[in-house]
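Architecture at a glance
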Amino acid sequence: MKLLSTIAAVILSHSIFAQVFWSETFGSGCNQGQLATAFSSANGSWTVTNTGTNAGSANVWYVGATENNTGVGNCSTVCGTNATLHLGNVNVSIISADQGAAYYEGLAGFCGLLPCGSTDKRVESPAISCMGKENIAVSFTYIEGGNAIDNATVWYYDGNSWSQLADPAKTFSGICSPQGVWTNFTATLPASANDNPNVKIGFRWINNDDGDATDPSFAVDDIQFYGDDIASGECIGDFNSDGVINA
């Protein structure tokens, strides 16, 4: 029994377990109106790229707790202390900027007479080093509304180009209306992320000006990258280093 226990302990000590090696929580505080490009943490700074047509009153990526993360399974609230990355409105008429994950659309056929809010922007993380890691996945908590056209997608950068990773489901909930319910999401990254020092994650939001806007827009928090340590090539179970597994 002791021998079996010893062997098990040695094997377990060599096992490779997935572990979190990068995370972003976006800090704390309501911070209404703080642009995502003005937010910086120990990970670095986020950037925003225009990926399509953006009108004069296009929506904007913010970081702050005007959209407060209350935890998976709970309804979101405004102006709390658990900040999120979210897509919100600019200052339109008498509505102040950044009302949380609430987006603005103009009325169909009236763009030009009224402020136009068509939006197509991707917010992008700083470079994430996946050196020494393989079988990498990303997870986060999020809420999302909109419709078939007004939509958020998740994007992946491999150091050379961006590609769409996923299109998360909407998180509407009757008890949370007009906000969503915080939901967990996980996706496996392509093999090109393995041992890659220049990976990024991005979130793209698109909405048109057809007047059919359904809040919330999109908010995300608690992003985590995790994976396995790349195997060293050692022969597990080779107790005398002769290249043969002894147990």
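Preceding block: the structure.
Okay, so let's go over this structure.

What counts, and where the lines are drawn
Residues numbered from 1 in each chain as written. Predicted model: local features only at pLDDT ≥ 70, side-chain atom pairs only at ≥ 80, totals over all residues. Heavy atoms only, no water. Helix = DSSP H or I, 4+ residues; strand = E, 2+ residues; numbered from the N terminus. Buried < 20%, exposed > 50% of the residue type's maximum accessible area, 1.4 Å probe, protein only. Contact = heavy atoms within 4.5 Å. Areas by Shrake-Rupley, 256 points an atom, 1.4 Å probe, with all protein chains shown as cover. Pairing = 2+ DSSP bridges. Axes fitted to C-alpha atoms, helices over the stretch in contact; angles between N-to-C directions. Patch = residues over 30% accessible without salt bridge, like charges linked within 9 Å, V, L, I, M, F, W, Y side chains within 5 Å. Salt bridge = Lys/Arg side-chain N within 4 Å of Asp/Glu carboxyl O.

Here's the deal with the overall build of the protein chain
Helix and strand counts for the protein chain come out as one helix and 13 strands. When the helices and strands of the protein chain are listed from N to C terminus, the series reads α-β-β-β-β-β-β-β-β-β-β-β-β-β. In the protein chain, which comprises 247 residues, the proportion classed as buried is 44%. Sequence separation of at least 24 residues holds for 78% of the intrachain contacts in the protein chain that already meet a minimum separation of 6. Working note: accessible area of the protein chain is about 11,400 Å², and carbon and sulfur atoms make up 55% of it.

Thoughts on the sheet that holds strand β12 (residues 200–207)
If you walk across this open sheet you meet the five strands as β4-β7-β12-β9-β10, and the pairing is antiparallel. The sheet terminates laterally at β4 (47–50) and β10 (162–166), the two strands that pair on one side only. Recorded for the sheet is a direction-independent mean angle of 30° between the axes of neighbouring strands.

Concerning a nonpolar patch on the surface
Among the surface-exposed residues, Leu107, Phe110, Leu113 and Leu114 lie close enough to one another that they form a single nonpolar patch of about 410 Å² accessible area. Following the sequence through the fold, Leu114 ends up in the loop between β6 (84–88) and β7 (119–124). Overall, Leu114 belongs to the partly exposed group, its relative accessible area being 37%.

Regarding the pairing of strand β13 (residues 218–229)
By the bridge criterion, five bridges tie strand β1 (residues 19–24) to β13 in an arrangement that is antiparallel. Residue pairing in the sheet places Val20 in a bridge with Tyr226 of β13. With two bridges joining them, β6 and β13 adopt antiparallel strand pairing. Opposite His86, over in β13, you have Ala219 as the bridge partner. Pairing of strand β8 (residues 133–144) with β13, which is carried by nine bridges, proceeds in the antiparallel orientation. Bridging across to β13, Thr141 finds its partner in Asp221.

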